[in-house]
Amino acid sequence: MSTYDLIVIGAGPGGYVCAIRAAQLGLKVACVEGRETLGGTCLNVGCIPSKALLHASHMLHEAHENFERMGLTGGKVKTDWTKMQGYKAETVSGNTKGIEFLFKKNKIDWLKGWASIEGPGKVKIGDTLHETKNIVIATGSVPSALKGVEVDNDAGVVVDSTGALSLPKIPKSMVVIGAGVIGLELGSVYARLGAQVTVVEYLDVITPGMDGEVQKQLQKTLTRQGLKFVLGAAVKGAEVAKGKAKLTYALKKDDSEHVLETDCVLVATGRRPQVEGLRLDKIGVGMTDRGFVKIDGHWATNVPGIYAIGDCVPGPMLAHKAEDEGMAVAEIIAGKHGHVNYDVIPGVIYTTPEVANVGLTEEAAKENGRKVKIGKFPFMGNARAKAMMQPDGFVKLIADAETDRILGCHIIGPNAGEMIHEVCVAMEFGASAEDLALTCHAHPTTSEAVREAALACGDGAIHV
Ligand SMILES: NC(=O)c1ccc[n+]([C@@H]2O[C@H](COP(=O)([O-])OP(=O)(O)OC[C@H]3O[C@@H](n4cnc5c(N)ncnc54)[C@H](O)[C@@H]3O)[C@@H](O)[C@H]2O)c1
């Protein structure tokens, strides 16, 4: 039995970052992880492997669609699925081993196994009980189940996001249930690799909650890339026979039933918090009615010395939100001040073009009766985007109508996921649209489009 200042349960982006920050602040720290490798969903079966497949399939798309126009000729580039899987695995292991190195460097004990909490200060793994002053629950989330659609990742016909990363072969056709982040990212991968992809979504729009103009532009662009969309459709069930699936859905507008036959169904209808086996009910940790761990403004549960962060607590299920909470709670446990600004958490969809957003949408401003001004700039007017053959999309900046303070930004276009951060920094410092407009931006960069959108909040953009 060992005594720690802090035991973090779960080594995903929330948990491992929390452990590292706590160790840096002088605490004796252990992190429990039952998976063979560190890094949680994000590094093992989420953000990182999907980005490897997105990158490789984007390169293929470029080779097929744009190389010749750029004067790059030669044999037709083909996909070697086994090699691509190897590249994905290498990307993952490079990152997970990196966390192992960071744990050693920061003298963090990796307690291997699945933990349960026996009471405040008591964490059990197998038959071993570990004592600790504080516990942080960072156990993340798992894909939600969908009634009537049974996932079997090993069979590879009806899969969730984990199974979709390692399909035995590239399917000729795929039906994606859910036009959210996962559905569109992985749907894009397989569409670029040659599958006929149909996305079936319950709502009448894709990417619910996002800026309406971005939703429309993204749907238009992905449709041009070959994805088909069936919106306003409720999935009734899926049957598997002879290595194929039959998916039945009903259109909400007239209740008519339709069947899609496909090689593969990807269920991407959201994720739910993962807390099974922790014994939270036995030790009286309060939960929300949607199954998340209930916390106060300092990530503390109702049981003294037990905190929770990341996907298992309410809020957006994003790795970077979990990381920020991990750092903040470590600071609090170490007797310092920890803070997360939930108004400035960016979101990115890694399709091509990328979609990125932060803060208020035009729709939310209208709903709240908040007066805003909107500066919009199309990438068609951006020299760099045109040189990259990616002139689709725009930057939309939202500022307070009276004070000019930046309240939000919505980008669809090349490098959107990188560009959003200058707006995040501006918002963090309470900057106005004019502050951004007065900041010199290097030419030619796609970031100039952000400045132009800021100029459009004032006297006008130059290049439209
Ligand atoms: N790039 C990123 O930041 C990233 C990548 C992957 C996952 N994530 C996070 O992981 C979580 C899960 O992602 P996700 O894409 O599974 O969920 P999501 O909540 O983003 O989207 C799920 C979609 O499925 C639809 N849906 C739900 N039930 C349905 C049904 N029965 N039939 C048809 N459509 C249905 C919803 O309306 C919604 O559009 C999200 O919180 C997401 O933010 C983020």
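Definitions and cut-offs
Residues numbered from 1 in each chain as written. Predicted model: local features only at pLDDT ≥ 70, side-chain atom pairs only at ≥ 80, totals over all residues. Heavy atoms only, no water. UniProt positions renumbered as here; feature names shortened; annotations may be inferred. Near = heavy atom within 4 Å. Polar contact = N/O pair within 3.5 Å; in protein donor to acceptor, adjacent residues only side chain to side chain. Areas by Shrake-Rupley, 256 points an atom, 1.4 Å probe, with all protein chains shown as cover. Helix = DSSP H or I, 4+ residues; strand = E, 2+ residues; numbered from the N terminus. Nonpolar A, V, L, I, M, F, W, Y, C, P; charged D, E, K, R; others polar. Pairing = 2+ DSSP bridges. Axes fitted to C-alpha atoms, helices over the stretch in contact; angles between N-to-C directions. Domains from an automatic or database assignment. Contact = heavy atoms within 4.5 Å. Buried area = accessible area lost by both parts, 1.4 Å probe. Salt bridge = Lys/Arg side-chain N within 4 Å of Asp/Glu carboxyl O. Patch = residues over 30% accessible without salt bridge, like charges linked within 9 Å, V, L, I, M, F, W, Y side chains within 5 Å. Buried < 20%, exposed > 50% of the residue type's maximum accessible area, 1.4 Å probe, protein only. Phe/Tyr/Trp six-rings, centres within 6.5 Å; stacked < 30°, edge-to-face > 60°. Lys NZ or Arg CZ within 6 Å of the ring centre and 35° of its normal. Core = buried A, V, L, I, M, F, W, Y, C linked by side-chain atoms within 4.5 Å. pLDDT = per-residue confidence, 0-100.

- Under an unreviewed UniProt entry, the name given to the chain is Dihydrolipoyl dehydrogenase, and the source organism is Paracoccus methylarcula.
- Turning to the chain, the UniProt annotation filed under Catalytic activity (unreviewed entry) states: "N(6)-[(R)-dihydrolipoyl]-L-lysyl-[protein] + NAD(+) = N(6)-[(R)-lipoyl]-L-lysyl-[protein] + NADH + H(+)".
- Reading the Sequence similarities (unreviewed entry) entry of the UniProt record for the chain gives the comment "Belongs to the class-I pyridine nucleotide-disulfide oxidoreductase family."

Re the site of the ligand
Next up, step 1: Ile182, Glu185, Glu201, Gly270 and Val348 are the nearest of the 22 residues found near the ligand.
Next up, step 2: Between the ligand and Glu185 there is a distance of 3.0 Å, counted from a nitrogen atom to a side-chain nitrogen or oxygen.
Next up, step 3: Protein contact buries 77% of the 850 Å² of open area that the ligand shows by itself.
Next up, step 4: In terms of residues, the shell around the ligand owes the most to one element, helix α6 (residues 181-192), which gives three residues.
Next up, step 5: Considering only residue class, the shell around the ligand consists of 15 nonpolar, four polar and three charged.

Focus: the sheet that holds strand β11 (residues 228-230)
Next up, step 1: In spatial order, the strands read β8-β15-β9-β10-β11; together these five strands make up an open sheet with parallel pairing. The outermost strands of the open sheet, each flanked by one partner alone, are β8 (158-159) and β11.
Next up, step 2: Looking at chain direction, strand β10 (residues 196-200) and β11 are connected through three bridges and run parallel. Following the sheet pairing, Val200 is matched in β11 by Val230.

Here's the deal with the sheet that holds strand β14 (residues 257-262)
Next up, step 1: In spatial order, the strands read β12-β13-β14; together these three strands make up an open sheet with antiparallel pairing. Here the strands that pair on one side only, and so sit at the sheet edges, are β12 (233-241) and β14. Neighbour to neighbour, the strand axes of the sheet diverge by 20° on average, direction disregarded.
Next up, step 2: Strand direction decides the pairing type here: strand β13 (residues 244-251) and β14, joined by six bridges, are antiparallel. The residue bridging Lys246 from the neighbouring strand is Glu261, located in β14.

Regarding the domain arrangement of the chain
Next up, step 1: By the assigned domains, the chain splits into domain 1 (3-143 + 272-333), domain 2 (158-269) and domain 3 (347-456).
Next up, step 2: Between domain 1 and domain 2, the C-alpha centre-to-centre distance is 27 Å.
Next up, step 3: In this assembly, 17 residues from domain 1 lie in contact with 16 residues from domain 2.
Next up, step 4: Of the roughly 1300 Å² buried at the junction of domain 1 and domain 2 (both faces included), carbon and sulfur atoms supply 67%.
Next up, step 5: Looking at the side of domain 1 facing domain 2, the largest losses of area belong to Val45, Leu54 and Trp81, adding up to 38% of the total buried there.
Next up, step 6: The interface formed by domain 1 and domain 2 contains one salt bridge.
Next up, step 7: Between Glu185 and Lys51 there is a salt bridge, with its nearest N and O atoms 3.0 Å apart.
Next up, step 8: Of all the elements in the fold, those that place two or more residues in the side of domain 1 that touches domain 2 are α3 (47-65) and α4 (81-105).
Next up, step 9: Residue contributions to the side of domain 1 that touches domain 2 peak at nine residues, all from α3.

Digging into a nonpolar patch on the surface
Next up, step 1: Together, Tyr202, Leu203 and Val205 line one region of the surface with nonpolar side chains, adding up to about 250 Å² of accessible area.
Next up, step 2: For Tyr202, a relative accessible area of 49% corresponds to the partly exposed category.

Points about the UniProt feature "domain: FAD/NAD(P)-binding" (unreviewed entry) in the chain
Next up, step 1: Look at the UniProt record and you will see "domain: FAD/NAD(P)-binding" (unreviewed entry) annotated at residues 4-326.
Next up, step 2: The distance separating the terminal C-alpha atoms of residues 4-326 is 17 Å; by composition the span is 32% helix and 26% strand.

Description of the packing of aromatic side chains
Aromatic ring pairs: the centre-centre distance and the angle between the two ring planes describe each pair.
Next up, step 1: Across all of its chains, the model carries one aromatic pair by this definition.
Next up, step 2: The ring of Tyr202 has Lys252 lying over it, and the distance from NZ or CZ to the ring centre is 4.1 Å.
Next up, step 3: Residue placement shows Lys376 over the ring face of Phe394; its charged tip is 4.4 Å from the ring centre.

Digging into the nonpolar core
Next up, step 1: Met174, Tyr190, Val197, Leu218 and Leu266 are the most contacted members of the largest nonpolar core, which has 36 residues in total.
Next up, step 2: Among the secondary structure elements, those contributing two or more residues to this core are α3, α4, β9 (173-177), α6, β10, α7 (212-224) and β15 (264-267).
Next up, step 3: Here the element with the most residues in this core is α6; it accounts for five residues.
Next up, step 4: Among residues more than four places away in sequence, those in contact with Leu218 are Leu184, Ile206, Thr207, Ile349, Thr351, Pro353, Val355 and Ile412.

Some words on the UniProt feature "binding site: NAD(+)" (unreviewed entry) in the chain
Next up, step 1: UniProt feature "binding site: NAD(+)" (unreviewed entry): in the numbering of this structure it lies at Gly178, Ala179, Gly180, Val181, Ile182, Gly183, Leu184, Glu185, Glu201 and Gly270. In three dimensions, the annotated residues from a span of 93 residues occupy one location, with a maximal C-alpha spread of 14.5 Å.
Next up, step 2: Positionally, Glu185 belongs in helix α6.
Next up, step 3: Owing to a relative accessible area of 6%, Glu185 belongs among the buried residues under this scheme.
Next up, step 4: In contact with Glu185, not counting residues within four places along its chain, are Ser50, Lys51, Leu54, Val348, Ile349, Tyr350 and Thr351.
Next up, step 5: Aside from chain neighbours lying at most four places away, what touches Gly270 is Pro143 and Ser144.

With respect to the side chain of Asn106
Next up, step 1: Inspection of the secondary structure assignment puts Asn106 in the loop between α4 and β3 (109-112).
Next up, step 2: On the basis of relative accessibility, which here comes to 17%, the residue Asn106 falls in the buried class.
Next up, step 3: Setting aside anything within four residues of it in sequence, one finds Asn106 in contact with Ile20, Ala23 and Gln24.

Observations regarding the pairing of strand β4 (residues 115-119)
Next up, step 1: With four of its five residues buried, β4 lies for the most part within the structure.
Next up, step 2: Counted between consecutive antiparallel strands, the loop separating β4 from strand β5 (residues 122-125) contains two residues, among which Gly121 sits at a positive phi close to 75°.

Quick notes on helix α14 (residues 448-456)
Next up, step 1: Taken together, the buried positions of α14 are Glu448, Ala449, Val450, Glu452, Ala453 and Ala454.
Next up, step 2: Where α14 is buried, its residues meet β20 (372-378), β21 (394-400), β22 (406-413), α12 (416-428) and α13 (433-437).

Observations regarding the confidence of the model for the chain
Next up, step 1: Overall, the predicted model of the chain reaches an average pLDDT of 97, with 100% of residues at or above 70.
Next up, step 2: We note a pTM of 0.96 for the whole complex and an ipTM of 0.94 for its interfaces.

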